[in-house]
Amino acid sequence: MNPLKHTLRYLLITLIISPITASAFEEAATDFDYTTTDNEVTINSVSSNDAQLTIPSTIDGLPVTSLFVYALLGEYPAQQFTIPDSITDFPWNLINDSFRNLTEIVIDPNNQHFTSIDGVLFNKEATKLLVYPANKEGDYTFPDSVTPVSYTHLTLPTSDLV
């Protein structure tokens, strides 16, 4: 066999069977599928294995303003979920279904539509609790600004008493 062919074959086999290190994928750990309409970006799907999932405020120089209703379907290992100031709409009601390890939701303080207080998601005025992270531990006191809770989307933790 030609020595050059032998060397190339060896390199190819080595690349195929060699273990791939995590550092090779560090930058690609989170991937976004998106569409652009009227100079705004909507994220259609998210693929991530990061402990901290951050939605970018811009993609290709355009503001990310929303997440498609099914963008967060799936299961994510993230313990922290961060939303930028540019987001005006996202499927917040699906967060606890997709983020079972979530302990904190972080909202950019300049966001005009949402806020987070002690890692809990509220509307901007903090009158409506939108999401209490599924894996947040400890006691929690609602801010005085919260109006009575509606039970239409209430998710209770699993209990041995039921």
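In this text, all values refer to a predicted model and were calculated from it rather than measured experimentally.

1. Considerations on the packing of aromatic side chains
Tallied over the entire structure, the rule returns seven aromatic pairs. Between Y76 and F99, the ring centres sit 5.0 Å apart and the planes meet at 20°, which makes this aromatic pair stacked. Here the residue Y76 occupies a position in the loop between β5 (62-67) and β6 (80-83), and F99 occupies one in the loop between α2 (95-98) and β7 (104-107), the gap between them amounting to 23 residues. The class of Y76 is buried, set by a relative accessible area of 7%.

2. With respect to the sheet that holds strand β3 (residues 52-54)
The strand order β3-β6-β7 describes an open sheet built from three strands, whose pairing is parallel. Strands at the two margins of the open sheet, each flanked by one partner only, are β3 and β7. The average angle at which neighbouring strand axes cross in this sheet is 15°, direction not considered.

3. Points about a nonpolar patch on the surface
A cluster of nonpolar side chains, namely F68, V69, Y70 and L73, defines an oily patch on the protein surface of about 390 Å² accessible area. V69 sits in the partly exposed class, given a relative accessible area of 41%.

4. Quick look at the sheet that holds β5
As summarised here, the arrangement of the four strands in space is β1-β2-β5-β4, forming an open sheet in which the pairing is mixed. Unpaired on one side and paired on the other, β1 (30-37) and β4 (58-59) mark the two borders of the sheet. Two strands pair when backbone bridges link them, and strand β2 (residues 40-48) and β5 are joined in this way by three bridges, in the parallel orientation. Residue pairing in the sheet places I43 in a bridge with L67 of β5.

5. Details of the pairing of β7
With burial as the criterion, only one face of β7 is covered, namely that bearing I105 and I107; the residues E104 and V106 on the opposite face remain uncovered. Examined bridge by bridge, β6 and β7 share four bridges and lie parallel to one another. Bridging from a neighbouring strand, I83 pairs with I107 of β7.

6. Some words on the environment of T65
Secondary-structure assignment places T65 in strand β5. Owing to a relative accessible area of 10%, T65 belongs among the buried residues under this scheme. When the C-alpha atoms of T65 and V41 are compared, they prove to be 6.0 Å apart, with 24 residues separating the residues in sequence. The contact partners of T65, leaving out residues within four places of it in the chain, are E40, V41, S86, I87, T88 and D89.

7. Re the confidence of the model for the protein
On average, residues of the protein score 79 in pLDDT, and 73% of them reach the 70 mark or higher. Confidence drops under pLDDT 50 across residues 4-8; counting only partners more than four residues distant or on other chains, this segment forms one contact. Confidence drops under pLDDT 50 across residues 10-29; counting only partners more than four residues distant or on other chains, this segment forms five contacts.

8. Remarks on the nonpolar core
Counting 26 residues, the largest nonpolar core has I55, F81, F90, I95, F99 and L121 as the members making the most contacts within it. Listing elements by their share of this core, those giving two or more residues are β2, β5, β6, β7 and β10 (129-131). Among the elements that take part in this core, β2 stands out by supplying three residues, more than any other. Contact partners of I95, with chain neighbours within four places excluded, come to L72, F81, F90, L102, I105, L121 and V131. Counting residues in each nonpolar core, the second largest holds five residues, with F122, A126, Y140 and V146 among its members.

Rules and cut-offs
Residues numbered from 1 in each chain as written. Predicted model: local features only at pLDDT ≥ 70, side-chain atom pairs only at ≥ 80, totals over all residues. Heavy atoms only, no water. Phe/Tyr/Trp six-rings, centres within 6.5 Å; stacked < 30°, edge-to-face > 60°. Helix = DSSP H or I, 4+ residues; strand = E, 2+ residues; numbered from the N terminus. Buried < 20%, exposed > 50% of the residue type's maximum accessible area, 1.4 Å probe, protein only. Pairing = 2+ DSSP bridges. Axes fitted to C-alpha atoms, helices over the stretch in contact; angles between N-to-C directions. Patch = residues over 30% accessible without salt bridge, like charges linked within 9 Å, V, L, I, M, F, W, Y side chains within 5 Å. Areas by Shrake-Rupley, 256 points an atom, 1.4 Å probe, with all protein chains shown as cover. Salt bridge = Lys/Arg side-chain N within 4 Å of Asp/Glu carboxyl O. Contact = heavy atoms within 4.5 Å. pLDDT = per-residue confidence, 0-100. Core = buried A, V, L, I, M, F, W, Y, C linked by side-chain atoms within 4.5 Å.

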